[in-house]
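Geometric and topological summary
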Amino acid sequence: MLPSDLVQARGLYRLICRKPGGKIRWKAAVRNGVTIQGLNHLFDRGFRGITAATWYAGMIASGGFTALSAADTAASHGGWSEYAGVSSRPALSWLSASGGLKASNGSVSLTVTGSGNVRGCFMASNGTVGSGLGVLYSTGELDDDYPVAVSDTIFLTYAARMA
Amino acid sequence: MIEIAKGQLGRKKINQMAAIIGGLFEIRTVLPDGRRVKEQKFKNGPTTLGLNYLLDTGFGGGTPDTTWFILVIDNASYSALAVGDTLASHAGWLEFTDYSGNRPAWTPAAASGGQITNSASAASITMTGDGTIRGLGLCGVNSGSSGVLYSTGVLGTGRAVSNTEVLELVYTPTLTPG
């Protein structure tokens, strides 16, 4: 196969929200949009050796949501706010890349501490809920508002493909 | 609490397009008086190994090369580039080495706007013989075949070079949000 001058970088979040008993409340697959801040990080890390990032998953709130933007950063994202009713932003671990595919090593889980609705998810380099520090790598928007309740668990995986 | 009906499970929405991984190589000819008389730009193609490298270093598990170098592809014996090319194995082309020193360093400024470039500090080579070159590549070592070959690109036809001619080489990989 000849090298292409237009390789596509895609990403996919898979989410499953389970009730305390384990029954599925909802599940969804969301294609992501990588931010300019995230793309710059990829190049700076790969070609200039800047400090490696640990990537953490967070949820986007339905309340106040208008839109995602490629210009969003961890510090500034005018179209959405983080869903604060989760216990933490869990850190993802990764399998080695192969064939242009990089996938998380299994899922991470977010425990819901406050009932409400979520509209999406994101991946950032800071692990504190509500923090505007670090790099916002990507965001993904669900097709609707999805309800979560206290003691639910949201399981999240992410896979990036360049091909 | 609203329950999502079973029939609605697995809904997905393509809400954002893929980012495009592109890039341009550029060859500038430098005259003895310092003038640049020709600029040729051509697109790059990342190798599979290069894409894996970018993913591994960006997400975890990969140690980045902090110095990168530009290699020159010979027109002689050139047939094709391949996504499976590596520094150690590239059946469709040979490296052109008739210039002084090792592969020149590619020293980019910090990435901005989804691109990273050495445009402000172009790599330079001085030819030590006549020949014809076909393209350029970016790799992680200044000599030998043990490093990562990130990308390659070729001109539509070969470009003649002559002894003592000085070329400046610029490379700008891009990642454009969809």
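Everything discussed here concerns the structure shown above.
Residues numbered from 1 in each chain as written. Chains lettered and ligands numbered in written order. Predicted model: local features only at pLDDT ≥ 70, side-chain atom pairs only at ≥ 80, totals over all residues. Heavy atoms only, no water.

Some thoughts on the packing of aromatic side chains
Heads up, the condition is: When the centres of two rings from Phe, Tyr and Trp lie within 6.5 Å, Trp using its six-membered ring, the rings pair. Their planes under 30 degrees apart give stacked, over 60 give edge-to-face, and anything left gives tilted. Strands are runs of DSSP state E lasting at least 2 residues, helices are runs of H or I lasting at least 4, and numbering of each runs from the N terminus. To sort residues, take the accessible area from a 1.4 Å probe on protein chains only and compare it with the maximum for the residue type: under 20% means buried, over 50% means exposed, and anything in between is partly exposed.
By the definition in use, this model includes 17 aromatic pairs over all chains. A centroid spacing of 4.7 Å and a plane angle of 45° characterise the contact between A:Y13 and A:Y158, whose relative ring orientation is tilted. Of this pair, A:Y13 sits in strand β1 (residues 7-18) while A:Y158 sits in strand β8 (residues 153-162), and the two are 145 residues apart along the sequence. Note on accessibility: A:Y13 and A:Y158 belong to one class, buried. When the centroid spacing of 4.1 Å and the interplanar angle of 15° are considered together, the rings of B:F25 and B:Y171 count as stacked. Of the two residues, B:F25 is situated in strand β2 (residues 19-30) and B:Y171 in strand β11 (residues 166-176); the sequence distance between them amounts to 146 residues. B:Y171 carries the same exposure label as B:F25, and that label is buried. An aromatic cluster is present here, built from A:F43, A:F47, B:F25, B:F42, B:Y53, B:W68, B:W106, B:Y150 and B:Y171 joined pairwise through their rings.

Observations regarding the pairing of strand β3 (residues 36-43) of chain B
All names here are of chain B. Heads up, the condition is: The pairing criterion for strands is at least two bridges between them, as found by DSSP.
Inspection of the sheet shows β2 paired to β3 by seven bridges, in the antiparallel sense. What sits directly across from I27, in β3, is Q40. Two successive antiparallel strands, β2 and β3, enclose a turn made up of five residues, where G34 displays a positive phi of approximately 95°.

A short note on the interface of chain B and chain A
Which entries qualify depends on this criterion: The criterion used for residue contact is that any of the two residues' heavy atoms lie within 4.5 Å. Here, a salt bridge means any side-chain nitrogen of Lys or Arg that lies within 4 Å of a carboxyl oxygen of Asp or Glu. Two N or O atoms form a polar contact when they lie within 3.5 Å of each other; inside protein one atom must be a possible hydrogen donor and the other a possible acceptor, and for residues adjacent in sequence the pair counts only when both atoms belong to side chains. In this classification, the charged set is Asp, Glu, Lys and Arg, the nonpolar set is Ala, Val, Leu, Ile, Met, Phe, Trp, Tyr, Cys and Pro, and all remaining amino acids, among them Gly, are polar.
Contacts between chain B and chain A engage 60 residues on the former and 64 residues on the latter. The interface formed by chain B and chain A contains one salt bridge. The closest approach of N and O atoms between B:D56 and A:K102, which form a salt bridge, is 2.5 Å. Summed over the shared surface of chain B and chain A, the number is 15 residue pairs in polar contact (both at pLDDT 80 or more). Secondary structure elements with two or more residues in the side of chain B that touches chain A: β1 (11-13), β2, β4 (45-46), α1 (48-59), β10 (149-161) and β11 of chain B. Grouping the constituent residues of the side of chain B that touches chain A by class yields 33 nonpolar, 20 polar and seven charged.

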